[in-house]
Amino acid sequence: MELTTAPATERAASGFTPSPVEPLKHQLLATLAQHRMASTNQLRVLLRPDRSRQSVSERLNDLLEERLVDFVVLPRSNRSRVWYLTPKGARLTRDWPALRGRPPYPITSATAASLKTPHTLTVLRTHLAFVADARRRGDEHGHLDWTPEVFHAIGDGERVVADAVMHYTLIDGDQRRKLRAFVEVDRATMSSERLAAKLIEYARLWMYEPQAVGRRRQAAGPGWLRWYPVFPRVLFVLTGTGRQAMDNRISDLKAMVAHHPLVSEMAREVPLGAAVLEDLDEYSPTSDVWVPLAGDKPRPWTEL
């Protein structure tokens with residue numbers, strides 16, 4: 001679902017990139033606060049795609065000397081570094097306007113960083129596929145338009161945790177369409193049944209209405225309206241196993257939509273889709289690589 005705003009007066013020929021006016025060191029800290037961890041090359045692609053890797057490494061080393069960031073070395077990677085904020089860096093960025101309200105989740109040891117690395121970098125890799133596509137198209141989707149690990153209550157003391165919430169402005173002719181999506185990145189580390197059950201959690205969020213506090217306990221409307229003007233579409237991105245296994249997992253997601261009454265009801269109003277991460281890298285997210293979970297032919301994520 002999306003909102004359509006007033007006509008755009010201009011379309012950026014080169015798409016949306018971070019402002020070079022803001023110091024790179026500041027953007028590096030903000031990006032690590034937002035995304036938890038990132039490799040040197042991911043930070044370069046995200047923040048300075050037209051600059052050398054060395055120029056980004058130099059600023060990261062400055063931050064390392066200031067003890068604002070630290071790193072672990074990826075195994076079997078020619079000593080590629082993955083960076084994260086130290087507790088000192090997390091404290092520094094906590095009250096920055098762009099990050100206000102974002103829990104800092106500082107990583108306190110190299111061991112903790114290593115445990116989080118595979119999933120965190122795969123989620124960021126997914127983000128980079130959308131960033132590259134937005135730049136090519138002239139859409140707006142930058143380094144702070146992707147928020148990992150977003151929690152929402154779904155009642156009974158439970159909550160759904162999205163791997164990421166994406167904000168994306170699609171510029172189509174004279175129109176600006178603001179799209180939002182919950183993104184689930186599946187590395188085949190859980191069973192296919194558990195993956196499909198995530199759809200039940202999103203359906204519970206879609207229908208959940210917290211009770212208003214006070215003498216008159218009338219429903220306050222859907223809880224998600226507190227954060228979103230329309231319920232975000234739900235996108236599953238799969239990787240980490242063979243093509244047949246990923247196809248089977250997508251089939252199980254489609255079966256959940258077809259057979260679970262609450263998920264079926266949600267699917268009539270909320271776009272649901274699944275795609276393979278390698279296809280996003282090769283063809284782009286706005287290619288016909290997304291399988292609509294309610295049925296029909298593959299299409300771009302913007303047309304689910």
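Computed from a predicted structure; not experimentally measured.

Calculation notes
- Residues numbered from 1 in each chain as written.
- Predicted model: local features only at pLDDT ≥ 70, side-chain atom pairs only at ≥ 80, totals over all residues.
- Heavy atoms only, no water.
- Buried < 20%, exposed > 50% of the residue type's maximum accessible area, 1.4 Å probe, protein only.
- Helix = DSSP H or I, 4+ residues; strand = E, 2+ residues; numbered from the N terminus.
- Contact = heavy atoms within 4.5 Å.
- Polar contact = N/O pair within 3.5 Å; in protein donor to acceptor, adjacent residues only side chain to side chain.
- Core = buried A, V, L, I, M, F, W, Y, C linked by side-chain atoms within 4.5 Å.
- Pairing = 2+ DSSP bridges.
- Axes fitted to C-alpha atoms, helices over the stretch in contact; angles between N-to-C directions.

Novice: Teacher, can you tell me more about helix 2 (residues 40-47) here?
Specialist: Residue pairs three or four apart in sequence face the same way in an α-helix, which turns once every 3.6 residues. Within helix 2, six of the eight residues are buried, leaving the element largely enclosed by the surrounding structure. Residues of helix 2 that are buried: Thr40, Gln42, Leu43, Arg44, Leu46 and Leu47. On its buried face, helix 2 is in contact with helix 1 (24-35), strand 2 (37-39), helix 3 (53-65), strand 4 (81-85) and helix 5 (110-137).

Novice: Can you walk me through the side chain of Asp133 in this structure?
Specialist: Inspection of the secondary structure puts Asp133 in helix 5. One polar contact links Asp133 to Arg136, side chain to side chain, over a distance of 2.5 Å. Not counting residues up to four positions away in its chain, the partners in contact with Asp133 are Tyr168, Ser284, Pro285 and Thr286.

Novice: Hey, could you run me through the nonpolar core in this one?
Specialist: Within soluble globular proteins, side chains that are nonpolar tend to cluster in buried spots. One finds Phe182, Leu199, Phe231, Phe236, Met266, Leu272 and Leu293 to be the most contacted residues of the largest nonpolar core, which totals 34 residues. Sorting the residues of this core by element identifies strand 5 (146-155), strand 6 (158-172), helix 6 (192-207), strand 8 (233-238), helix 7 (243-259), helix 8 (261-267) and strand 9 (272-276) as the ones contributing at least two each. Among the elements that make up this core, the one with the highest residue count is helix 6 (seven residues). Those residues in contact with Phe182 that lie beyond four places of it in its chain are His152, Ala162, Ala164, Val165, Tyr202, Leu205, Tyr228, Phe231, Pro232, Arg233, Val234 and Leu235. In terms of nonpolar packing, the next biggest core, distinct from the first, is built from 22 residues, Leu28, Leu46, Leu47 and Val131 among them.

Novice: How should I be thinking about the sheet that holds strand 3 (residues 69-73) in this particular structure?
Specialist: Strands pair in a sheet through their backbones, by hydrogen bonds, and they do so in one of two ways: parallel or antiparallel. Read from one edge to the other, the open sheet built from three strands follows the order 2-4-3, with strand pairing classed as antiparallel. Looking along the sheet, the strands with just one partner apiece sit at the ends: strand 2 and strand 3. Pairwise comparison of adjacent strand axes, ignoring direction, gives a mean angle of 30° for this sheet. Contacts from helix 1 reach strand 2, strand 3 and strand 4 within the one sheet, and its direction differs from that of strand 4 by about 85°.

Novice: Would you explain unusual backbone geometry in this entry?
Specialist: Apart from glycine, the bulk of residues carry a negative phi angle, and the bulk of peptide bonds sit in the trans form. One non-glycine residue, Arg36, adopts positive backbone phi at about 80°. Within the fold, Arg36 resides in the loop between helix 1 and strand 2.

Novice: What's the story with the pairing of strand 8 in this structure? I'm lost.
Specialist: Regular strands place their side chains on alternate faces of the sheet. Within strand 8, six of the six residues are buried, which leaves it mostly tucked inside the rest of the structure. Here six bridges tie strand 7 (residues 175-186) to strand 8, and the two strands are oriented parallel to one another. Bridge pairing in strand 8 links Ala181 to Arg233.

The analysis is restricted to geometry; functional conclusions fall outside its scope.
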